[in-house]
Amino acid sequence: MQNILNSLVRPFGFRVVKAHQTKFVYQHSYAGGYTQYRETQIKYNKRKLEQVWADEATLTAIVDDLRLHGLGNTGICHGARNGFEVTWLRERLGGDVIGTDISETATRFPHMHVWDFHEDNPDWEGRFDFVYTNSLDQAMNPARAMEAWSRQIVPHGRIYVEHTMAHSAAGAGEMDPFGAHPMAMPYLFFVWGRGAYRLNAILEIESKKNNGLQAWVFVLAGGDAKLGRPSGEPSHSGSDE
C-alpha cells in the first residue's frame, strides 16, 4: 500500500513515510508480547530461509581482524538462518564455529542450534573467541541480546555486529523490530555496555558483495565486569531443540 501511495504522490514532490522513518532509533512493539515476536521471527525466517545476508567481503574483514588478535579457534554466529556464515568461517578459520536461530529450521543445517539469542546458555558462557551477527535488527530487546553475547566470549574475545543503512529505523517494523542509524550505534553500545563490553573498532566495508550496500562492523571487546540480568526483567525460555 505504501508503494502505491508513493507512486501517486511522487509527481507532486511528496513521499509517504512510516511514522518512525525519520528517527535515529526505533524499537517495534508487539501487541501480543514475546509470543507474537517469536512467532513473527519464525514465520519470516521460513520465508527467507534460502536468502543470505552475510557476504565474503564482510566476513573476510572479520577473519583478518580475528587473526590480527590471535583469535578464531571458537565462535558463534547469532541469527544465522541457514548457516552460511557458520560454514564459511569454519572453513577459513579452521575453528569450531557454531550458529543459532530461533526457528526450528536451524536443525536442517550443520553446526546450527535452535536458540533465542537473547537468552543465556550456561554451556556457552566464556566459551567463544568471537560472536558475529548481522541480525541485531531482529532483536526484541537488543540491549539484552548484547548482554548475553558479552557473557559468551573469552576475556579477550570480540563481538562483531554488522550494520548497514538497511538496519536503520526506516527499515524497522514487525519483521525487523530494531532499527538504528549507523551513527547512533556507538552511543547505544556505550549506554548498553555498562562495563560488560566496549566499542573497540569499526571495520568499514565499502560495498557488500551480495547487495552493494556499505557496511560497518562494530567490534566490541569485553569490559571489566560481567552483567547480571536487571532485576525484575522477565526471562524468555530458549531451547536447543
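Residues numbered from 1 in each chain as written. Predicted model: local features only at pLDDT ≥ 70, side-chain atom pairs only at ≥ 80, totals over all residues. Heavy atoms only, no water.

A. Main features of the overall build of the protein. Of regular secondary structure, the protein possesses six helices and nine strands. Across the 241 residues of the protein, 52% fall into the buried class. In the protein, 70% of the contacts between residues at least 6 apart in sequence involve partners at least 24 apart. For the protein, the accessible area works out to roughly 11,500 Å², and carbon and sulfur atoms hold 54% of it. (Helix = DSSP H or I, 4+ residues; strand = E, 2+ residues; numbered from the N terminus. Buried < 20%, exposed > 50% of the residue type's maximum accessible area, 1.4 Å probe, protein only. Contact = heavy atoms within 4.5 Å. Areas by Shrake-Rupley, 256 points an atom, 1.4 Å probe, with all protein chains shown as cover.)

B. The pattern of salt bridges, seen in detail. Within this structure, the stated rule accounts for ten salt bridges. A salt bridge links lysine 46 to glutamate 104; its shortest N-O distance comes to 2.6 Å. Within this pair, whereas lysine 46 is found in helix H2 (residues 33-47), its partner glutamate 104 is found in the loop between strand E3 (96-101) and strand E4 (112-114), the two being separated by 58 residues in sequence. We classify glutamate 104 as partly exposed; its relative accessible area is 35%. A salt bridge links aspartate 96 to arginine 90; the nearest nitrogen and oxygen atoms lie 3.2 Å apart. Salt bridges sharing common partners tie together Asp55, Glu162 and Lys208. (Salt bridge = Lys/Arg side-chain N within 4 Å of Asp/Glu carboxyl O.)

C. Spatial organisation of a nonpolar patch on the surface. Residues Phe24, Val25 and Met183 make up a contiguous nonpolar surface patch of about 320 Å² in total accessible area. With respect to the helices and strands, methionine 183 occurs in the loop between strand E7 (178-180) and helix H6 (185-193). (Patch = residues over 30% accessible without salt bridge, like charges linked within 9 Å, V, L, I, M, F, W, Y side chains within 5 Å.)

D. Representation of the confidence of the model for the protein within the structure. The predicted model of the protein averages 87 in pLDDT, with 83% of residues at 70 or higher. Every residue in residues 8-17 is under pLDDT 50, and counting partners more than four places away or in other chains gives ten contacts. In this model, residues 225-241 is a region of pLDDT below 50 whose contacts with residues beyond four sequence positions or in other chains number 43 contacts. (pLDDT = per-residue confidence, 0-100.)

E. Representation of H2. Here H2 is 15 residues long and its end C-alpha atoms lie 22 Å apart, about the 21 Å a rise of 1.5 Å per residue gives. Burial in H2 covers these residues: Tyr34, Tyr37, Thr40, Gln41, Ile42, Tyr44 and Asn45. On its buried face, H2 sits against E3. (Expected span 1.5 Å × (residues − 1).)

F. Expanded view of the sheet that holds E4. Spatially, the seven strands line up as an open sheet ordered E4-E3-E2-E5-E6-E9-E8, and their pairing is mixed. Every other strand in the sheet has two partners, leaving E4 and strand E8 (197-205) as the edge strands with one partner each. The mean inter-strand angle of the sheet, taken between neighbouring strand axes irrespective of direction, is 20°. Two strands pair when backbone bridges link them, and E8 and strand E9 (residues 215-222) are joined in this way by eight bridges, in the antiparallel orientation. Paired with alanine 201 across the strands is valine 219, a residue of E9. Lying on the sheet, helix H3 (residues 56-68) is in contact with strand E5 (128-133), strand E6 (153-163), E8 and E9; it crosses E8 at an angle near 130°. Of the strands in this sheet, strand E2 (74-78), E5, E6, E8 and E9 are in contact with helix H5 (residues 142-150), which crosses E6 at around 145°. (Pairing = 2+ DSSP bridges. Axes fitted to C-alpha atoms, helices over the stretch in contact; angles between N-to-C directions.)

G. Seen up close, the packing of aromatic side chains. For the structure shown, the criterion picks out nine aromatic pairs. Aromatic pair phenylalanine 130 and tyrosine 160: ring centres 6.5 Å apart, planes at 70°, arrangement edge-to-face. With a gap of 30 residues between them, phenylalanine 130 in strand E5 and tyrosine 160 in strand E6 connect regions that are remote in the sequence. Residue phenylalanine 130 shares its accessibility class with tyrosine 160, and that shared class is buried. Counting every residue linked through ring pairs, the aromatic cluster contains Phe178, Phe189, Trp192 and Phe218. Just above the ring of tryptophan 88 sits the side chain of arginine 92; from NZ or CZ to the centre is 4.1 Å. (Phe/Tyr/Trp six-rings, centres within 6.5 Å; stacked < 30°, edge-to-face > 60°. Lys NZ or Arg CZ within 6 Å of the ring centre and 35° of its normal.)

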